[in-house]
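Notes for the structure review
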Amino acid sequence: MKLERIEVPTHKELFIRKMQDMILAGELEPGSRIPPERELAEGMGVSRTVINSGIATLVDQGFLKVQPRQGTFVADYKKEGTLKTLRAILELKGDILTDAEIRSILEIRWALGQLTLRHAIENASDEQVAELGKCLEKLKKTKTPIEASEACFEFQWTLSAIGGSDMLTTLISSYKPAVITLWQRFCRRYGVDVLSAHTEITYQYVQKRDLEGALQWLTEFIKDAMDGDYTVYNS
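The text that follows walks through the structure, step by step, so that each part is easy to find.

**A word on empty space enclosed by the protein**
Applying the stated criterion across every chain, the model contains three cavities of 30 Å³ or more. In this structure, the largest cavity spans a volume of roughly 160 Å³. Taken together, 15 residues make up the lining of the largest cavity; nearest its centre are R109, Q156, T202, W217 and F221. Listed by contribution, the elements that provide at least two residues to the lining of the largest cavity are α6 (99-123), α8 (145-161), α11 (192-207) and α12 (211-227).

Right under this line is the structure:
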């Protein structure tokens, strides 16, 4: 059995998560002023360096905003959030996504997947498709759900990259935390080999430049993940 490494969060990571939790739960409302750094440090039992660095990260993620000579305030992340905000939320949610959130992610995955396949099949060179094949071979050699999920994401990201749309590739990247979580759950339930086999079918359609077949297969797979034989819901 191959053991997976246990990661221990730092004080900064714990502070960031606590603030994110409070903001997402509505305990810290948009527009409200957070306490000064000194007060936060004393109350949470960490250094001001941790608080200062954590706040900088939360500002970058779109959860907080600093107003000169006034203080630090909670941002309206739903209205002003960016891809960094979305990514942070997905990373925070991790394996505690609700069934409704899982379904939404799958629906978005289906929409982005259609565009990804269309761009790749219509625009990628034979050499680029061959590079995609190397990602598939890497996936086939994985043994654990974590390894397989990372390799599968590399395949999907490369598929979007060879299509030539930078915006689409950026969107795919923003959803990495969510799809990694779902693929890990998929692998634990159905096996790494099943994920590899499904990915290989996608590659075969791309290799044959069969857009109609690829789109039909994607739809079939997503339907199975939402309501069929390969669901990844909590219940």
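So much for the structure itself; the text now carries on.
**Considering the layout of surface pockets**
Here the second largest pocket defines a volume of roughly 310 Å³. Lining of the second largest pocket is provided by 13 residues; of these, L86, I89, L90, K93 and E101 occupy positions nearest its centre. Only α5 (83-93) and α6 provide two or more residues apiece to the lining of the second largest pocket. With five residues, the single largest contributor to the lining of the second largest pocket is α5. Here the lining of the second largest pocket is built from residues that sort into nine nonpolar, two polar and two charged.

**Thoughts on the packing of aromatic side chains**
Each aromatic ring pair is described using two quantities: the centre-to-centre distance and the angle formed by the ring planes. Taken as a whole and judged by the stated rule, the model has six aromatic pairs. Note on F63 and Y77: the rings are 5.9 Å apart at their centroids and 50° apart in plane angle, and the pair reads as tilted. Residue F63 is located in the loop between α3 (48-61) and β1 (64-67), and its partner Y77 is located in helix α4 (residues 77-80); the two are separated by 14 residues in the primary sequence. Comparing F63 with Y77, the two get one shared label, buried. A centroid spacing of 6.1 Å and a plane angle of 35° characterise the contact between W217 and F221, whose relative ring orientation is tilted. In this pair, W217 and F221 both sit in helix α12, four residues apart, roughly one turn of the helix. By relative accessible area, which is 16% here, F221 ends up buried. Pairwise contacts between aromatic rings join F186, Y190, W217, F221 and Y230 into one cluster.

**Some details on the pairing of strand β2 (residues 71-74)**
As paired strands, β1 and β2 are joined by four bridges and run antiparallel to one another. When the sheet's bridge partners are listed, V66 is paired in β2 with T72. Linking two consecutive strands that pair antiparallel, namely β1 and β2, is a turn of three residues; a positive phi of about 65° is found at R69 within it.

**What to know about helix α10 (residues 176-190)**
Across its 15 residues, α10 extends 20 Å between first and last C-alpha, which sits within 8% of the 21 Å expected from 1.5 Å per residue. By the criterion of burial, α10 is predominantly enclosed, with eleven of the 15 residues buried. Of all the residues in α10, the buried ones are P177, A178, V179, I180, T181, L182, W183, Q184, R185, F186 and C187. Against the buried residues of α10 lie α5, α6, α8, α9 (166-174), α11 and α12. Backbone geometry just after α10 places G191 at a positive phi near 105°.

**Quick notes on the side chain of R109**
Residue placement: R109 occurs in helix α6. Buried within the structure, R109 lacks any salt-bridge partner; its nearest side chain of opposite charge belongs to E107, at an N-O separation of 13 Å. Those residues in contact with R109, other than ones at most four positions away along the chain, are Q156, V179, W183, L218 and I222.

**Quick notes on the packing of α6 against α12**
It is the contact of α6 with α12, at a shortest axis distance of 10 Å, that shows an interaxial angle of 165°. Between α6 and α12, the interaxial angle falls into the category roughly antiparallel. Judged by the twist between their axes, the crossing of α6 over α12 is right-handed. For the pair α6 and α12, the contacting residues are R103, L106, E107, R109, W110, G113, Q114, L117, R118, I121 and E122 in the first and L211, A214, L215, L218, T219, I222, A225, M226 and D227 in the second. Its residues assigned to classes, the contact of α6 with α12 shows eleven nonpolar, three polar and six charged.

**Quick word on α6**
Residues three or four positions apart in an α-helix share a direction because the helix packs 3.6 residues into each turn. In this model α6 runs 36 Å from its N-terminal to its C-terminal C-alpha over 25 residues, within 8% of the 36 Å that 1.5 Å per residue would give. Restricting attention to buried positions, one finds in α6 the residues I102, I105, L106, R109, L112, G113, T116, L117, A120 and I121. On its buried face, α6 is in contact with α5, α8, α9, α10, α11 and α12.

So, how was this worked out
Residues numbered from 1 in each chain as written. Predicted model: local features only at pLDDT ≥ 70, side-chain atom pairs only at ≥ 80, totals over all residues. Heavy atoms only, no water. 1 Å grid on protein atoms, 1.4 Å probe; cavity = no way out; pocket = protein on both sides within 12 Å on 5 of 7 lines; lining within 4 Å. Points joined across faces, edges and corners; volume = space filled by probe spheres on them. Helix = DSSP H or I, 4+ residues; strand = E, 2+ residues; numbered from the N terminus. Nonpolar A, V, L, I, M, F, W, Y, C, P; charged D, E, K, R; others polar. Phe/Tyr/Trp six-rings, centres within 6.5 Å; stacked < 30°, edge-to-face > 60°. Buried < 20%, exposed > 50% of the residue type's maximum accessible area, 1.4 Å probe, protein only. Pairing = 2+ DSSP bridges. Expected span 1.5 Å × (residues − 1). Contact = heavy atoms within 4.5 Å. Lys, Arg positive; Asp, Glu negative; His and termini not counted. Salt bridge = Lys/Arg side-chain N within 4 Å of Asp/Glu carboxyl O. Axes fitted to C-alpha atoms, helices over the stretch in contact; angles between N-to-C directions. Parallel < 35°, antiparallel > 145°, perpendicular 65-115°, else oblique. Left-handed = near helix turned anticlockwise from the far one by under 90°.

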